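Overview (structure and organization)
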Amino acid sequence: MVTEFVAQLARIDVERPHIAARLMLWARKGALRARGRDARHIPRDPSELPERHAAYEVDPIVLLLEAARQQIITPDAAELITATRLNGLTVQCVANDQGVPASRLYKQRQVAEVRLAAAFRDGRISAMSIAPPSAV
């Protein structure tokens, strides 16, 4: 946190108000980034998941809908993940369209993705769990 605080001292615009608050915000963000780098990486992009040889491939949207049906995530969270992870929209764009702060949507997406990861790990949801009988 101190490292980021000192780094921002040279870059801070002293003409704008709330200098100390902005320095502390940047320091906090730097500390969170450093902590995030040290945290275990949980894949959030389907292309980052390990390769598996499944007999049945399923559309990720179908998995999200199934997760929403089982109330693992909310329908809004499934829609947000679809829009931002699969359709390429930015969270800021979705936030502007919905008239809500982007930070709220980032948090909503993060919580939903953690829940999805846990559901996949626990076997509550998988490609095989929603495969049509003819595909199994």
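Residues numbered from 1 in each chain as written. Predicted model: local features only at pLDDT ≥ 70, side-chain atom pairs only at ≥ 80, totals over all residues. Heavy atoms only, no water.

Re the overall build of the protein
Put simply, the rule reads: Helix and strand assignments come from DSSP, with helices taken as H or I runs of at least 4 residues and strands as E runs of at least 2, each series counted from the N terminus. Burial classification: accessible surface area is computed with a 1.4 Å probe over protein chains only, and a residue below 20% of its type maximum counts as buried, one above 50% as exposed, and the rest as partly exposed. Here the Shrake-Rupley method, with its probe set to 1.4 Å, supplies the accessible areas, and only the displayed protein chains count as covering residues.
Tallying secondary structure elements over the protein gives six helices and zero strands in all. For the protein, the succession of helices and strands along the chain, N to C, is α-α-α-α-α-α. Counting over 136 residues, the protein shows a buried share of 28%. When the accessible surface of the protein is totalled, it reaches about 9800 Å², and 55% of it is carbon and sulfur.

Observations regarding the side chain of Thr-82
As for its placement among the helices and strands, Thr-82 is situated in helix α4 (residues 75-86). Given the relative accessible area of 15%, Thr-82 is considered buried.

What about the pattern of salt bridges?
Applied cut-off: Any carboxyl oxygen of Asp or Glu within 4 Å of a side-chain nitrogen of Lys or Arg constitutes a salt bridge here.
Under the criterion given, the structure shown has three salt bridges. In this structure, Glu-66 engages Arg-69 in a salt bridge whose closest nitrogen and oxygen atoms are separated by 2.6 Å. Residue Glu-66 and its partner Arg-69 are located together in helix α3 (residues 60-69), separated by three residues, close to a single helical turn. According to the relative accessible area criterion, Glu-66 is buried, its value standing at 13%. Look at Arg-69 and you get exposed, because its relative accessible area is 58%. Arg-124 is the partner of Asp-122 in a salt bridge, and the nearest nitrogen-oxygen pair spans 3.6 Å. According to the relative accessible area criterion, Arg-124 is partly exposed, its value standing at 42%.

Some points on unusual backbone geometry
At Gln-71, a position not held by glycine, the phi torsion is positive, near 60°. Within the secondary structure, Gln-71 sits in the loop between α3 and α4.

Concerning the side chain of Thr-84
Rules: In the analysis that follows, any N or O atom pair within 3.5 Å is treated as a polar contact, provided that within protein one partner can donate a hydrogen and the other can accept it, and provided that, for residues neighboring in sequence, both atoms belong to side chains. The contact criterion used throughout is that any non-hydrogen atoms of two residues lie within 4.5 Å.
Mapped onto the elements of the fold, Thr-84 is located in helix α4. From its side chain, Thr-84 meets the backbone oxygen of Leu-80 in a polar contact 2.8 Å long. Side chain to side chain, Thr-84 and Arg-109 meet in a polar contact 3.1 Å long. Excluding residues that lie within four positions of it along the chain, Thr-84 makes contacts with Leu-89, Thr-90, Val-91, Val-94 and Arg-109.

All quantities given are derived from atomic positions and should not be read as evidence of function.
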